[in-house]
Amino acid sequence: MRRLLKMELRKAIANPYFIVALGIGLFLCCAEAVEVMGRDSFFQYLDEMAAGEGDVFISPASYSCFISWMSVGGDTVWCSIFYQTAPLLAVAPFGWSLASERRSGYVGQIYTRTRRRQYLVAKAVAAFAAGGTVVVVPQLVNLALAATTAPAIAPEVFDVITTGIYHDNLWASWFYEAPGIYVAAYCMLDFVLCGAWAAFVLLLGCLTVNRVAVLTIPYVAIYAVQFLNERIFLALGGIRGFQLSLFENLRAYTTQYVQNGWIIAGEVLLLAGACLLLMRVGCRRDEQ
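Rules of the game
Residues numbered from 1 in each chain as written. Predicted model: local features only at pLDDT ≥ 70, side-chain atom pairs only at ≥ 80, totals over all residues. Heavy atoms only, no water. Phe/Tyr/Trp six-rings, centres within 6.5 Å; stacked < 30°, edge-to-face > 60°. Buried < 20%, exposed > 50% of the residue type's maximum accessible area, 1.4 Å probe, protein only. Helix = DSSP H or I, 4+ residues; strand = E, 2+ residues; numbered from the N terminus. Axes fitted to C-alpha atoms, helices over the stretch in contact; angles between N-to-C directions. Parallel < 35°, antiparallel > 145°, perpendicular 65-115°, else oblique. Left-handed = near helix turned anticlockwise from the far one by under 90°. Contact = heavy atoms within 4.5 Å. Nonpolar A, V, L, I, M, F, W, Y, C, P; charged D, E, K, R; others polar. Salt bridge = Lys/Arg side-chain N within 4 Å of Asp/Glu carboxyl O.

Caption draft 1: Representation of the packing of aromatic side chains within the structure. A complete count under the given rule lists 14 aromatic pairs for this structure. Measuring from centroid to centroid gives 6.4 Å for phenylalanine 94 and tryptophan 96, while their planes differ by 65°, and the two rings are edge-to-face. Judged by its relative accessible area of 3%, phenylalanine 94 is buried.

Caption draft 2: Unusual backbone geometry, seen in detail. Although it is not a glycine, tryptophan 171 sits at a positive phi angle of roughly 60°. Structurally, tryptophan 171 is set in the loop between helix 10 (160–163) and helix 11 (172–177). The exposure class of tryptophan 171 is partly exposed, given its relative accessible area of 28%.

Caption draft 3: Focus on the packing of helix 6 (residues 77–91) against helix 13 (residues 211–235). Helix 13 packs onto helix 6 with a crossing angle of 155° between their chain directions and a minimal axis gap of 10 Å. One way to sum up the angle between helix 6 and helix 13 is to call them roughly antiparallel. Between helix 6 and helix 13 lies a crossing whose hand is right-handed. Mapping the contact onto sequence places Gln84, Thr85, Pro87, Leu88 and Val91 in helix 6 and Leu215, Tyr219, Ile222, Tyr223 and Gln226 in helix 13. Here the residues of the contact of helix 6 with helix 13 sort into seven nonpolar, three polar and no charged.

Caption draft 4: Molecular detail of the pattern of salt bridges. Considering all chains together, one arrives at four salt bridges under this definition. Two residues, glutamate 8 and lysine 11, come together in a salt bridge whose shortest N-O distance is 3.3 Å. Of this pair, glutamate 8 and lysine 11 both sit in helix 1 (residues 2–13), separated by three residues, roughly a single helical turn. With a closest N to O distance of 2.9 Å, lysine 123 and glutamate 8 form a salt bridge. Here the residue lysine 123 occupies a position in helix 9 (residues 116–146), and glutamate 8 occupies one in helix 1, the gap between them amounting to 115 residues.

Caption draft 5: Spotlight on the packing of helix 7 (residues 97–104) against helix 9. Where helix 7 contacts helix 9, the axes come no closer than 11 Å and their chain directions differ by 140°. With respect to their mutual orientation, helix 7 and helix 9 come out oblique. In this structure, helix 7 uses Ser97, Leu98 and Glu101 to contact helix 9, whose residues at the interface are Tyr119, Leu120 and Lys123. Classifying every residue of the contact of helix 7 with helix 9 gives three nonpolar, one polar and two charged.

Printed below as a string of structure tokens:
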């Protein structure tokens, strides 16, 4: 099993699709950082304060790199594109591989050397790792770039109007008291969500060998979920809603409804359950 897992991890990471997906993510996140750095200059603030022309009511914490981080303060087109394409970037490195190997007949050779379940588990773990990495690494690079021109100090609660991180947001207290832990928590959340999504999409290859369908139909489905999520609570009379969209749950600042930890945990459990079910279906189908 260990040897099989190493082989699948190598296939998932050492392939051009992983490099292209990671490159696209890095480009979008770096472009977002460059635009924000050119617009919100901490050095200009320091110069104005030194010259006695600055606003004394504005704290240096308002220019914190944690506020400039794309997950919190990203309001550029680059940021929107990144989070809207993140589910696609997550599955691009390896989500197509099972369907491709079943279509080519390669799985027949693998099944003569190892158990079917071990093969599927190894592929799912590799897809999980590749999918999470492709989405999380660019966000960390974005934060690192923001930290080159902004202080790494904790934001103040008074900045809530500009940050949009209110008391009912997920892990809001960490954002104002321990922003480093906040960033780590959201990166871990994104890694798990995108990894679970990539593993689920990969295992859809147990049902079909059409690689295009495996990659595109799930994406269209979660886009439909987002569309309904943005309108269903308004149709019910504007009641307080919750965030179901995978796109919006990947970032700290949401455009409409705040994240709910229990909802997100339910989404992860749902994806995990679907993965187990697809593994079982795949094992039975290949035995026939």
